[in-house]
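In case you want the letters, here they are:
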Number of protein chains: 2
Amino acid sequence: MSKMLDEIRQQPAALDKTLRSESKGIEALRARFATRRPSFIILAARGTSDNAAQFGRYLLEIATGIPVSLAAPSIFTLYGARVDYKDALVVAISQSGESTDTNLVLERAKECGAMTIGVTNEASSALAKLADHVILVRAGGEKSVAATKTYTGQLLAIYLLAYALGAPVSLEELRAMPAVVEGALSLESEIREKASRYRFMENAVVVGRGLNYANAFEWALKMMETCYVVAERFSSADFLHGPIAMVEQSFPVFLFAPAGVTWPSIREMIARVHSLHAETLIITDQSNREATGLETTRSITIPTKLHRKSAVPEELYTPLPYIVPAQIFAACLAAEKGLNPDQPRALEKVTRTL
Amino acid sequence: MSKMLDEIRQQPAALDKTLRSESKGIEALRARFATRRPSFIILAARGTSDNAAQFGRYLLEIATGIPVSLAAPSIFTLYGARVDYKDALVVAISQSGESTDTNLVLERAKECGAMTIGVTNEASSALAKLADHVILVRAGGEKSVAATKTYTGQLLAIYLLAYALGAPVSLEELRAMPAVVEGALSLESEIREKASRYRFMENAVVVGRGLNYANAFEWALKMMETCYVVAERFSSADFLHGPIAMVEQSFPVFLFAPAGVTWPSIREMIARVHSLHAETLIITDQSNREATGLETTRSITIPTKLHRKSAVPEELYTPLPYIVPAQIFAACLAAEKGLNPDQPRALEKVTRTL
């Protein structure tokens, strides 16, 4: 078994540990934000962590109403620009905490007087030392080059940050997440069987929208780095603005299809892609009865019905369990293609960029 | 000849017209910003216009020091979120000015008391009526579905906006742009010959960095919509964080390679891709002597040496001429593949999304 698959399976325990260890610090942070609310939020990251940042870009703006921007590190590292971050909250996300460029964004932000937060898996990293406050992802050492448990740990950290900023994120719902993720893990053998169909797939498109847009980036990245598939990623809206032209008969389109506000546009996209004689595979859950009833669509259905205890829409919590079948799919497809997902060609675990 | 190629050739005249017509309005805007400087800037767009916004994200932040964010329209259209744009400048960019979702972002921004600007090719559009100030792209009617002259017009509008915000952007350098673009157009027959090599190309990667990152998105989009090539787009930094694993022998990598601060990372990327036995095609200009001296690299070299009259780095002005050979390449490759770039399958000129 690959380390990647082993680490995918560790996710419920890792999420549970992070939740338990961080709850006290998050309450302290919440008290601090109650007296000083940032005017805007900047998220800085690379690779898989940047996909987690993309999720944060949606969650934080939707749930807090504070404008959010994804940092472009080269503006500091290459252009040496001075950007006015005085009233900002600047958050760097890095598994290793040793990403020189995102750490530089944080340094510049501190010089402006911005408040800084580091989200990292390494308590003794440069990032952890640099940031005013650290949200520690307690996923344990990640051995596979393909990040999985640190990604879901980062998503959880962003939910906690939203909570600290006063957003209607329920800690009770988050405490249910390890069990929901466990439900997604139970699909492993079914997903392995489904993955074999794609043994000779060379191109793919992954589509997600809103809170699951980041997951489209992450699924595509996992397929690129572990399966060497040329996987494009789009929101369903952007996809219609040009790229849909490249879809041919049998072109595979993978979609995240939770119930909720994004479903009508995803349903429309599925119909559009089918009219072009391409095929789709969706990740959905039992609460999306309409999706599970689509006979012409291949699907992976997460068994645990996401519960609706709080007033917030349940779609808010789908990104965490929804990425899990995608991770398993990539690990199984890599194995099917005879590749080692733990050590992709041309990659190392910590990538240093300037 | 395709309408696309015809419209590509109209760019020097279109840029010249926009410059002449907009200069007075821009000075008025500059006076207005001198008394009220925004705390941050939001750019809202879709498709090709969103690639222009991506350029704005870099240029405006580098040249003004004001933080910039790309809006995610679904946060308003699907999630109905209220985002606090009170101190923001919100800019919507749309060729037709009839994009319902980006117009909705502008409406919400106005309700918050934000200042709004519309960049559009249509003086009587909904966007032009809605925005506090309009920067009119005077490209003339664009008949091809593949946007070209409106993209460069939008880039020019963003330079003008940067100038209005007090950035060290030189109107004199901008006035030289039509001639520089003319120089790029002179390469048409050379590019047509070069494009024939890629007749059977199905996948590609386009890489750009910093100010030319947006051009990587635009070249990839043009290849997707007019040539049906599965074209990925990355910054050289992000590319190293995973996606490089999919590069195989003969995998084509297209790069923007101007002289200046991004060149060392692009040069490193070229060497890295060659070590994987993949091939590269770069767009560069005569000022990048190092690039034009790389014997193992195929290149398209823009003849007009970009002049250096002002104190700002000349790389600042490369995005406008650099996209032109890429547009010609896509139009010629589409013809080579027997496709009509003016009417790609599954696309219409105005795409309405919610």
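Residues numbered from 1 in each chain as written. Chains lettered and ligands numbered in written order. Predicted model: local features only at pLDDT ≥ 70, side-chain atom pairs only at ≥ 80, totals over all residues. Heavy atoms only, no water.

With that settled, the discussion passes to the overall build of chain A. When you go through chain A residue by residue, the secondary structure sums to 15 helices and ten strands. A globule of 354 residues ought to have a C-alpha radius of gyration of about 20 Å, and chain A, at 19 Å, matches this closely. Principal-axis analysis of the C-alpha atoms places the extent of chain A at approximately 55 × 45 × 40 Å. In chain A, which comprises 354 residues, the share counted as buried stands at 67%. For chain A, the share of sequence-separated contacts (at least 6 apart) that also reach a separation of at least 24 residues comes to 76%. (Helix = DSSP H or I, 4+ residues; strand = E, 2+ residues; numbered from the N terminus. Rg over C-alpha atoms; globule rule 2.2 N^0.38 Å. Buried < 20%, exposed > 50% of the residue type's maximum accessible area, 1.4 Å probe, protein only. Contact = heavy atoms within 4.5 Å.)

Quick look at the side chain of Thr-116 of chain A now. Relative to the helices and strands, Thr-116 of chain A resides in strand E4 (residues 115-120). Among residues more than four places away in sequence, those in contact with Thr-116 of chain A are Val-90, Leu-106, Ala-109, Lys-110, Leu-130, Ala-131, Asp-132 and His-133 of chain A.

Moving on, we come to the pairing of strand E3 (residues 88-94) of chain A. Residue and element names in this part refer to chain A. Among the seven residues that make up E3, seven are buried, leaving the element largely enclosed by the rest of the structure. Across six bridges, E3 lies against E4 in parallel orientation. Looking at the pairing, Ala-92 lines up with Gly-118 of E4. Note on the crossover from E3 through helix H5 (residues 100-112) to E4: the handedness is right-handed. (Pairing = 2+ DSSP bridges. Right-handed = clockwise from strand over helix to strand, strands pointing away.)

Moving on: the environment of Leu-155 of chain A. All names here are of chain A. You can see Leu-155 is positioned in helix H7 (residues 149-164). The spacing of Leu-155 and Leu-15 is 140 residues in sequence and 9.8 Å in space, taken between C-alpha atoms. Those residues within four positions of Leu-155 in sequence are excluded, and the remaining contacts are Ala-52, Phe-55, Asn-215, Pro-319 and Leu-320.

Attention shifts here to unusual backbone geometry. Residue and element names in this part refer to chain A. Its identity as a non-glycine residue notwithstanding, Tyr-228 has a phi of 55°, on the positive side. Residue classification places Tyr-228 among the buried positions, given a relative accessible area of 18%. We note that His-277 has phi near 65°; this positive angle belongs to a residue other than glycine. Within the element layout of this structure, His-277 appears in the loop between helix H13 (263-275) and strand E9 (279-285).

Time to look at the interface of chain B and chain A. At the junction of the two partners, chain B supplies 66 residues and chain A supplies 66 residues. Interface of chain B and chain A: buried area, both sides summed, is about 5,400 Å²; carbon and sulfur atoms make up 58% of it. Among the residues of chain B in contact with chain A, Tyr-79, His-241 and Ala-245 of chain B are the three that bury the most area, contributing 13% of the side total. Our enumeration of links across chain B and chain A arrives at four salt bridges. For Glu-232 of chain B, the salt bridge goes to Arg-233 of chain A, with nearest N and O atoms at 2.8 Å. The tally of links from chain B across to chain A stands at 23 residue pairs in polar contact (both at pLDDT 80 or more). Contributions of two or more residues to the side of chain B that touches chain A are made by strand E1 (40-44), helix H3 (47-64), strand E2 (68-70), helix H4 (74-77), helix H11 (213-227), strand E7 (230-234) and helix H12 (236-240) of chain B. A breakdown of the residues in the side of chain B that touches chain A according to their chemical character gives 38 nonpolar, 14 polar and 14 charged. (Buried area = accessible area lost by both parts, 1.4 Å probe. Salt bridge = Lys/Arg side-chain N within 4 Å of Asp/Glu carboxyl O. Polar contact = N/O pair within 3.5 Å; in protein donor to acceptor, adjacent residues only side chain to side chain. Nonpolar A, V, L, I, M, F, W, Y, C, P; charged D, E, K, R; others polar.)

Residues and elements named next belong to chain A. If you trace the five strands from one edge of the open sheet to the other, you get E2-E1-E3-E4-E5, paired in parallel fashion. The sheet is open, and its two edges are formed by strand E2 (68-70) and strand E5 (133-136), each paired on a single side. Recorded for the sheet is a direction-independent mean angle of 20° between the axes of neighbouring strands. Here strand E1 (residues 40-44) pairs with E3 via five bridges, running parallel. Paired with Ile-41 across the bridge in E3 is Leu-89. In this fold helix H3 (residues 47-64) packs onto E1, E2 and E3, with an angle of close to 165° to the strand it touches most, E2. With respect to the sheet, H5 is in contact with E1, E3 and E4, its orientation differing from that of E3 by roughly 160°. (Axes fitted to C-alpha atoms, helices over the stretch in contact; angles between N-to-C directions.)

Turning next to the sheet that holds E2 of chain B. In sheet architecture, strand pairing relies on hydrogen bonds along the backbone and comes in two forms, parallel and antiparallel. All names here are of chain B. The strand order across the open sheet formed by five strands is E2-E1-E3-E4-E5, and the pairing between neighbours is parallel. Here the strands that pair on one side only, and so sit at the sheet edges, are E2 and strand E5 (133-136). Adjacent strand axes in the sheet meet at a mean angle of 20°, parallel and antiparallel pairs treated alike. Examined bridge by bridge, strand E4 (residues 115-120) and E5 share four bridges and lie parallel to one another. Along E5, the bridge assignment pairs Ile-117 with His-133. Of the strands in this sheet, strand E3 (88-94), E4 and E5 are in contact with helix H2 (residues 11-35), which crosses E5 at around 150°. Across the sheet, H3 lies against E1, E2 and E3, angled at about 165° from E2, the strand it touches most.

This part is about the domain arrangement of chain A. Residues and elements named next belong to chain A. Domain boundaries in chain A define domain 1 (3-175) and domain 2 (179-336). Averaged C-alpha coordinates put domain 1 and domain 2 at centres separated by 25 Å. With 28 residues of domain 1 at the contact, the number on the domain 2 side is 31 residues. Both sides of the domain 1 and domain 2 interface together cover about 2,600 Å² of buried area, and 67% of this is carbon and sulfur. A salt bridge links Glu-188 to Arg-9; the nearest nitrogen and oxygen atoms lie 2.8 Å apart. At the junction of domain 1 with domain 2, the criterion picks out ten residue pairs in polar contact (both at pLDDT 80 or more). Where the side of domain 1 that touches domain 2 is concerned, the elements lending two or more residues are helix H1 (3-9), helix H2 (11-35), H3, H7 and helix H8 (171-175). Here the element with the most residues in the side of domain 1 that touches domain 2 is H3; it accounts for eight residues. (Domains from an automatic or database assignment.)

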